[in-house]
Amino acid sequence: MASDPITVSVIQHRLESIVQEMGEAMLRTAYSQILNSSRDFSTAVFDGRGRLAAQAEHVPIHVGALPWAVSSVAEFFKDRIAPGDLFLLNDPYHGNNHLPDLTVLLPVFVGDRPVFWSINRAHQHDIGGATHGAYNPGATEIWQEGIRITPLKLYDRGVLRDDVLQMVATNVRHPRDFQGDLRAMMGSARIGERRLLKLVDDYGLETVLETIGEILDGAERQARECIRGWKDGVFKGEAILDDDGHGINDVHIRATVTKKGDSLTVDLTDSHDQVIGFVNSAFPNTMSAVHMALAYLIDPRTPKNEGTFRPVTVKARQGTVVWPYPPAPVTLSTNHCAQEIAEAMIKALAKSCPDRVLAGWSRRFRIAISGTNPRSKRKFIWHLFHARGGGGASSAGDGWETAGEGQAAGGIKFGSIEVAETRFPLFFKRHEFRPDSAGDGRYRGGVGSVLELRMETTEPALGNTAGDGVRYPAYGVLGGKDGLPHRYRMLSRGKTRVLKTKEVGIPIPPGAVFLVESMGGGGYGPPARRSTEARAADRVNGFVSAKPRRARV
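On a predicted model such as this, the values are computed, not experimentally measured, just so you know.

Quick word on the pattern of salt bridges
For the structure shown, the criterion picks out 44 salt bridges. Where Arg497 meets Glu503, a salt bridge forms, and the shortest distance between an N and an O atom there is 2.5 Å. With relative accessibility at 32%, the residue Arg497 sits in the partly exposed group. Using a relative accessible area of 12% as the deciding quantity, one classes Glu503 as buried.

Quick look at the structure:
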């Protein structure tokens, strides 16, 4: 018997509040700045059948791959899953996105029946491997990227397997911070467990499970109704990465999207063959990127759950950059090529649903710095989450200033400058908008950033970069112009070094200064249609200058 609409709505919102509370608990208890300031984590609830029931609005690329993680754990342990168990997973060839995204999966039992999964996926500031900071641009195989955790039971019937925890923590560079972040993740998942059990107490198990099915079916109906209004046809889109860091340039992602009625088929088989470097995308991450693109295109009021993505069928060919054979490295793929998969799909649908597509967002360009803090004498690893690029414009208006990259859609923040300067040997001399960086259009892209950052170390440090977008900028759409690409430099002892997007082992002398100019978002629609009032406001706000805009090479 179907639940009444009021009960369905209340339970749907209860589920959404649960994952939001899980996220707040994580934010307030994690040790690392990458989590407690930049929020590079996601929370979700699945039902016992492995269906995504609710997710918080954190990092979209995380959650779309979680069904494969749940399936991987359930298939490996089968009937050996018991109350009190808790599982870890990070291996992308066993259902994860990439190695730095550690996943905690907590089965929630009612009696002897597993009826939910409470899940936290969080990016670790280090995951071992050949280089610090969880990104290794030099990797040619996945073992060089970090410790691989296939489905692993950390708690067995409520008892911590401390030997397993010790083994995992020993394989990362900062075990204290790692264990603090892991405990925050587990605490977040346990809050989800308590709230789910209270939900069952309030409404009864069968009512809750039946209602979840109705919630998923309702999301599917909403998604299909939206898609039905788009133009039928076969549409093609392409996005290109600068390179793979190993001499392979112009790595293309091609999407052929067939829209018919209320469904989509996304064919990625014509994408670039898998490459040497870490821009390859494991299959769950690719599926997540496709689902992410759909979530951006449909009505934002539609819940984002398993039902939402039923209208989409994906075709891919193993041996390509979107589905590589192991042991290909994949760590950058949650940024690139995930963002390019979504971009190719969105570009393809520009002629099908022009009022819903969005212009290109900034691409990621990360710097991870490892050194010794002269104030505390402790080793540190710091990730650059500041100086974020601009968001893409859409029919709704201008792109968000400094919103960051497209696969996070503003969900990852730059942390407090004051906290960063207190915890790390850094001085932020400038952190401001980058004028003229956004793509022009009826609606312009969001501007990027300018950052001048001085190292206050007394000993040499090391840096790695990981990203894209020096050669290919954020794209304009439907007549809109491209944004400016990234330009990152390091100034030291009178010399200037232009930083590449994929470098490992960069020597950073004491007192070195990073001068970062990040990408602007793409514009939407012809620039001639931008209003005089909007252009005047851009000048007043410093988003554009009186100087003519020139692209950098």
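Description of the environment of Arg317
Within the secondary structure, Arg317 is located in the loop between strand E11 (312–315) and helix H9 (338–348). Assessed through its relative accessible area of 34%, Arg317 is described here as partly exposed. Spatially, the C-alpha atoms of Arg317 and Gly446 are 35 Å apart, while their sequence positions differ by 129 residues. Beyond its immediate stretch of four places on either side in the chain, Arg317 contacts Thr269, Ser271, Asp273 and Trp323. A polar contact of 3.2 Å, which involves the side chain of Arg317, links it to the backbone oxygen of Thr269.

Comments concerning the packing of helix H8 (residues 283–297) against H9
Relative orientation of the contacting elements H8 and H9 amounts to 45 degrees, with a least axis distance of 8 Å. Classed by the angle they form, the pair H8 and H9 counts as oblique. Classified by chirality, the crossing of H9 by H8 is right-handed. For the pair H8 and H9, the contacting residues are Asn285, Thr286, Ala289, Val290, Met292, Ala293, Leu294, Tyr296 and Leu297 in the first and Ala338, Ile341, Ala342, Met345 and Ile346 in the second.

A look at helix H1 (residues 5–29)
Look at H1: 37 Å from first C-alpha to last across 25 residues, which is about the 36 Å you get at 1.5 Å a residue. Of the residues making up H1, those classed as buried are Thr7, Val8, Ile11, Gln12, Leu15, Ile18, Val19, Met22, Gly23, Ala25, Met26 and Leu27. Against helix H2 (33–36), strand E1 (41–47), strand E2 (52–55), strand E5 (113–123), helix H6 (175–203) and helix H7 (205–228) lie the buried residues of H1. For H1, the side-chain oxygen to backbone nitrogen distance between the N-cap and Ile6 is 3.1 Å, and the N-cap itself is Asp4.

Thresholds, definitions, all that
- Residues numbered from 1 in each chain as written.
- Predicted model: local features only at pLDDT ≥ 70, side-chain atom pairs only at ≥ 80, totals over all residues.
- Heavy atoms only, no water.
- Salt bridge = Lys/Arg side-chain N within 4 Å of Asp/Glu carboxyl O.
- Buried < 20%, exposed > 50% of the residue type's maximum accessible area, 1.4 Å probe, protein only.
- Helix = DSSP H or I, 4+ residues; strand = E, 2+ residues; numbered from the N terminus.
- Contact = heavy atoms within 4.5 Å.
- Polar contact = N/O pair within 3.5 Å; in protein donor to acceptor, adjacent residues only side chain to side chain.
- Axes fitted to C-alpha atoms, helices over the stretch in contact; angles between N-to-C directions.
- Parallel < 35°, antiparallel > 145°, perpendicular 65-115°, else oblique.
- Left-handed = near helix turned anticlockwise from the far one by under 90°.
- Expected span 1.5 Å × (residues − 1).

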